[in-house]
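Overview (structure and organization)
Residues per chain, in single letters:
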Amino acid sequence: MAKMGQGEEQAKVLSLWVSPFSMRVLIGLEEKGVRYECQEENLDPKSELLLQMNPIHKTVPVLIHNGKPVNESLIILEYIDETWPTSNPLMPSNPYDRAVVRFWADFLNKKFFKDAFYGILKTEGEALEEGKRYMLKYLGYLEGELSAGRGKPYLGGEQFGYLDIAFIPYASWFHSLETIGKWKIPWESEFPRLQQWMKKCMQRESVKKNPPGPS
Amino acid sequence: MEEEQVKVLNLWASTFGMRVLIGLEEKGVKYEYQEENLSSKSELLLQMNPVHKKIPALIHNGKPVCESLIILEYIDEAWASSNPFMPSNAYDRARARFWADFVDKKVYDNGAALIMKCKGEAQEEAKRNMLEYLGLLEGALDELSGGIKPYFGGEQFGFMDIVFIPFASWFLAWETMGDWKIPLDTQFPRLYEWVNVCLERESVKKILPHPEMVAEFAVQMRKRFLGSD
């Protein structure tokens, strides 16, 4: 194992290229300018390292920092923010704003991913139509977040942060979800702020560097 | 000085609600309590938690905070000067959050909820899951405390203690619904000891309902899920 230089961190990510959860972690590390190694996992079979670092859930992504594992993408993002605090804060500083972004990120995991994302990706017939309805409803919530108050450029507020990172990986999937569902999401008429937000995020180096999931 | 307005919308038997109340008690925060009827949710609840329409909801100076784990971290940060819940270093915080998430995703979703809603083989599987999860939490108690007793937080009663102790009021309910005994004292001695120490804390004594009341509530809820037996 190579000797580490002064101040050089050693971080490794066990990842799956197509997973929005893995993308969150990679974008977070890029935003902080952390040097890391990415190990692409083939989930069948799972590597020894993955099973050792995440024995309970056996899922990616896993961040391994100084030999110790951190699991669950949102938990990893907060860990990254707290461990490399000097550059580019990802979380808002005040407790209420922190609670709000955590709420929406949790919503993405609990509802958006299952009802809307998988609701379109993995279903057909009436279930697919229901998935589309969920998608429109949930995109509406997020549009509402961007419109709140006098409007804000990012989901987390003035700065690109935790909640933007939590959601932007899904953006690379919308085109596929439209194809699969044989529909068009009414971006201009219903979700113009989200559309602007996506364009802005896609121009960030950290997001450009992580290739979109499917073509 | 403006007085803080803190209100909690809750259901007395909810383990998630208990977390919030214990958290507030630990911080010495005065709060107003509103019991919700889940078959007839209040306007306030629907307004404060329009996305999930669930309890608990904390309303602080008119602004809502929802989802019990998020509320707990908010309580810790908003009343930072007393009794910190979260570990002080980033890695320990990540591990505490991981185990809290495990309690919700596995102990509750894959264990408790299914013991209530299922019967036959599905319920048997839920019971097996529960034993597996209690075993993992027995190990987590050592991991998170660094072997220092008595709490998950070591010497400090902290986040993970608050996250899991409410479930102690549901052990009898799970036993009743599943017609079994959870071998806490024999198979999970560390957890058994931990439960007893936590039950001596003022906040926990005040907030946790009697297991018999919870069991009765649970049996009624189960009847509604399954239809009449």
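Rules behind the numbers
Residues numbered from 1 in each chain as written. Chains lettered and ligands numbered in written order. Predicted model: local features only at pLDDT ≥ 70, side-chain atom pairs only at ≥ 80, totals over all residues. Heavy atoms only, no water. Buried < 20%, exposed > 50% of the residue type's maximum accessible area, 1.4 Å probe, protein only. Helix = DSSP H or I, 4+ residues; strand = E, 2+ residues; numbered from the N terminus. Patch = residues over 30% accessible without salt bridge, like charges linked within 9 Å, V, L, I, M, F, W, Y side chains within 5 Å. Areas by Shrake-Rupley, 256 points an atom, 1.4 Å probe, with all protein chains shown as cover. Salt bridge = Lys/Arg side-chain N within 4 Å of Asp/Glu carboxyl O. Lys, Arg positive; Asp, Glu negative; His and termini not counted. Charge placed at Lys NZ, Arg CZ, Asp CG, Glu CD. Pairing = 2+ DSSP bridges. Axes fitted to C-alpha atoms, helices over the stretch in contact; angles between N-to-C directions. Contact = heavy atoms within 4.5 Å. Phe/Tyr/Trp six-rings, centres within 6.5 Å; stacked < 30°, edge-to-face > 60°. Lys NZ or Arg CZ within 6 Å of the ring centre and 35° of its normal. UniProt positions renumbered as here; feature names shortened; annotations may be inferred. pLDDT = per-residue confidence, 0-100. Parallel < 35°, antiparallel > 145°, perpendicular 65-115°, else oblique. Nonpolar A, V, L, I, M, F, W, Y, C, P; charged D, E, K, R; others polar.

1. Some remarks on helix α6 (residues 162–171) of chain A
Note on helix geometry: an α-helix contains 3.6 residues per turn, so any two residues three or four positions apart are oriented the same way. Counted residue by residue, α6(A) has ten buried out of ten residues, so it is predominantly covered. Within the sequence span of α6(A), burial applies to A:Tyr162, A:Leu163, A:Asp164, A:Ile165, A:Ala166, A:Phe167, A:Ile168, A:Pro169, A:Tyr170 and A:Ala171.

2. Structural notes on a positive patch on the surface
On the surface, A:Lys137, B:Lys41, B:Lys53, B:Lys54 and B:Lys117 cluster together into a patch of positive charge. Structurally, B:Lys54 is set in the loop between α2 (43–48) and β3 (57–60).

3. Here we look at the sheet that holds strand β1 (residues 6–10) of chain B
Residue and element names in this part refer to chain B. A sheet is described by the order of its strands in space; here four strands give the open sequence β2-β1-β3-β4, paired in mixed fashion. Every interior strand has two partners, whereas the edge strands, β2 (32–35) and β4 (63–66), have only one. Direction aside, the axes of adjacent strands within the sheet are offset by 20° on average. Sheet analysis places β3 next to β4, joined by four bridges and oriented antiparallel. Across the sheet, the residue bridging to leucine 58 is valine 65, located in β4. Where helix α3 (residues 68–78) meets the sheet, it contacts β3 and β4, and its direction lies at approximately 125° from that of β4.

4. Structural notes on the pairing of strand β3 (residues 62–65) of chain A
Across a regular strand the side chains alternate sides, sitting on one face of the sheet and then on the other. All names here are of chain A. Judged by which residues are buried, β3 turns out to be covered on both faces: Val62 and Ile64 on one side and Leu63 and His65 on the other are all buried. As judged from the four bridges shared by strand β1 (residues 11–15) and β3, these two strands associate in the antiparallel manner. Directly across from valine 13, in β3, lies its bridge partner leucine 63. The pairing of β3 with strand β4 (residues 68–71) spans four bridges and is antiparallel. For isoleucine 64, the partnering residue across the bridge sits in β4 and is proline 69. Linking two consecutive strands that pair antiparallel, namely β3 and β4, is a turn of two residues; a positive phi of about 50° is found at asparagine 66 within it.

5. Notes on the sheet that holds β4(A)
Strand pairing within a sheet occurs via backbone hydrogen bonds; the two strands may be parallel or antiparallel. All names here are of chain A. Read across the sheet, four strands follow the order β2-β1-β3-β4 without closing on themselves; strand pairing throughout is mixed. The open sheet has two free edges, formed respectively by β2 (36–40) and β4, since each of these has just one partner strand. This sheet shows a mean twist of 25° between the axes of neighbouring strands, independent of strand direction.

6. Points about the packing of aromatic side chains
In this description, an aromatic ring pair is defined by two values, namely the gap between the centres and the angle between the planes. In total, this model carries 38 aromatic pairs over all chains according to the counting rule given. Seen from their ring centres, B:Tyr74 and B:Trp79 are 6.4 Å apart, and the 85° between their planes marks the pair as edge-to-face. For B:Trp79, a relative accessible area of 13% gives the class buried. A network of ring pairs unites the aromatic residues A:Phe21, A:Phe112, A:Phe113, A:Phe117, A:Tyr118, A:Phe167, A:Tyr170, A:Trp173, A:Phe174, A:Trp187, A:Phe191 and A:Trp197 as a single cluster. Sitting above the plane of the A:Tyr154 ring, A:Lys200 keeps its charged end 5.4 Å from the centroid. The ring of A:Tyr96 is capped by B:Lys63, whose NZ or CZ atom sits 4.4 Å from the centre of that ring.

7. Let's talk about the UniProt feature "domain: GST N-terminal" (unreviewed entry) in chain B
The UniProt record marks residues 4–83 of chain B with the feature "domain: GST N-terminal" (unreviewed entry), using the residue numbering of this structure. Between the first and last C-alpha atoms of residues 4–83 of chain B the distance is 18 Å; the span itself is 38% helix and 21% strand.

8. Structural notes on the confidence of the model for chain A
Mean pLDDT over chain A works out to 91, with 93% of the residues at or above the 70 mark. The low-confidence segment residues 1–7 of chain A (pLDDT under 50) makes three contacts with residues lying over four places distant or belonging to another chain.

9. So, the environment of B:Met221
All names here are of chain B. Note that methionine 221 resides in helix α11 (residues 211–226). For methionine 221, a relative accessible area of 24% gives the class partly exposed. When the C-alpha atoms of methionine 221 and lysine 117 are compared, they prove to be 8.8 Å apart, with 104 residues separating the residues in sequence.

10. Describing the packing of helix α1 (residues 20–32) of chain A against helix α3 (residues 73–83) of chain A
All names here are of chain A. Axis separation between α1 and α3 bottoms out at 9 Å; the angle between their running directions is 5°. As far as their axial angle goes, α3 and α1 are roughly parallel. Contacts between α1 and α3 involve Phe21, Arg24, Val25, Gly28, Leu29 and Lys32 from the former and Ser73, Leu74, Ile76, Leu77, Ile80 and Asp81 from the latter. Looking at the contact of α1 with α3 residue by residue, the classes come out as seven nonpolar, two polar and three charged.

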